[in-house]
Amino acid sequence: MGEMDGLEVTECTRCPELVDSRSQIVNGTGPADADLLFVGEGPGEQEDQQGEPFVGRSGTILDEKLRDRGLAREDVRITNCVRCRPPENRDPTTEELENCWPYLESEIEQVDPEVIVTLGKVPSEHLLDRDVAVTKEAGGVEQVELGGGVRDLLICVHPAATLYDSSQEETLDAALDKAAAMADGGSGGQSQLGDY
């Protein structure tokens, strides 16, 4: 069905339609012990070709936004809900998300991040298991039981949203500021606010 070697999925045929549309399995990148774990929806065309998540235009935006906060792509882990490109970049189906879930949960457990940042509607709804109005809820933090522990999950708009709607840039910036501050200070980061 599927095999994992550490954080890498090496073999998987659970979703016949995705097996047909992918050129390769796209695994997460970044440190195996990153404080920040970004979760996107699934690979697009460029990700599928290069074998890395978030390498297209949205990846360029994310890289710039991370740099603005003193973070390099190498400092964070970036992964997706599904590791294979859906045909025509459609949203992954519920079944595809569920098929790939054990891999994502295993990755979360192994990386053990301080903060999980969901990039867009699909990962936010998938990990929170509820409807999410991403634009309204961006920057919100919830505690969720994932990967063998209770995790801080921060909802964030997808970087690509800023390409279509420039007003989303502030929303993205604010959410990433919060993520960087939380990862930087760990759980103590928030309580320090009361000291000022």
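Just above, that's the structure.
Residues numbered from 1 in each chain as written. Predicted model: local features only at pLDDT ≥ 70, side-chain atom pairs only at ≥ 80, totals over all residues. Heavy atoms only, no water.

Student: Lay out the layout of surface pockets in plain terms, naming residues and giving numbers.
Tutor: The volume enclosed by the largest pocket comes to roughly 510 Å³. G44, E47, S58, N89 and H158 are the residues nearest the centre of the largest pocket, which is lined by 23 residues in total. Elements with a minimum of two residues in the lining of the largest pocket: α2 (45–50), α3 (57–68) and α7 (161–164). Class assignment of the residues belonging to the lining of the largest pocket gives a composition of eight nonpolar, eight polar and seven charged. (1 Å grid on protein atoms, 1.4 Å probe; cavity = no way out; pocket = protein on both sides within 12 Å on 5 of 7 lines; lining within 4 Å. Points joined across faces, edges and corners; volume = space filled by probe spheres on them. Helix = DSSP H or I, 4+ residues; strand = E, 2+ residues; numbered from the N terminus. Nonpolar A, V, L, I, M, F, W, Y, C, P; charged D, E, K, R; others polar.)

Student: Which residues make up α3, and what values do they have?
Tutor: Helix length check: α3 (12 residues) gives 17 Å between terminal C-alpha atoms against 16 Å at 1.5 Å per residue, within 8%. Among the residues of α3, those classed as buried are S58, G59, I61, L62, K65 and L66. Angular distribution of buried residues about the axis of α3 spans 160°; they occupy a single face of the element. Residues R57, R67 and D68 are exposed on α3 and point more than 90 degrees away from its buried face. The first or second residue beyond α3 is G70, which carries a positive phi of 75°. (Expected span 1.5 Å × (residues − 1). Buried < 20%, exposed > 50% of the residue type's maximum accessible area, 1.4 Å probe, protein only. Arc of directions from axis to C-beta.)

Student: Break down the sheet that holds strand β6 (residues 141–146) for me, citing the residues and quoting the values.
Tutor: Pairing within the open sheet is mixed, and its five strands lie in the order β4-β3-β5-β7-β6. The open sheet is flanked by β4 (77–80) and β6, the only strands paired with a single partner. If you compare each strand with its neighbour and ignore which way they point, the axes differ by 30° on average. This element, helix α5 (residues 121–128), spans β3 (36–40), β5 (115–119), β6 and β7 (149–156) of the sheet and lies at about 130° to β5. (Pairing = 2+ DSSP bridges. Axes fitted to C-alpha atoms, helices over the stretch in contact; angles between N-to-C directions. Contact = heavy atoms within 4.5 Å.)

Student: If you had to explain a negative patch on the surface to someone new, which residues and values would you point to?
Tutor: A surface patch of negative charge is lined by E3, D5, E8 and E11. Those elements that place two or more of their residues in the negative patch are β1 (2–5) and β2 (8–12). Topologically, D5 is positioned in strand β1. When its relative accessible area of 55% is taken as the criterion, D5 is described as exposed. (Patch = residues over 30% accessible without salt bridge, like charges linked within 9 Å, V, L, I, M, F, W, Y side chains within 5 Å. Areas by Shrake-Rupley, 256 points an atom, 1.4 Å probe, with all protein chains shown as cover. Salt bridge = Lys/Arg side-chain N within 4 Å of Asp/Glu carboxyl O. Lys, Arg positive; Asp, Glu negative; His and termini not counted. Charge placed at Lys NZ, Arg CZ, Asp CG, Glu CD.)

Student: Give me the lowdown on empty space enclosed by the protein, citing residues and values where you can.
Tutor: Summed over the entire model, instances satisfying the criterion amount to one cavity of 30 Å³ or more. For the lining of the largest cavity, the secondary-structure elements that each account for two or more residues are β2, α1 (16–21) and α4 (94–111). Here the residues of the lining of the largest cavity are counted per class, giving 10 nonpolar, two polar and four charged.

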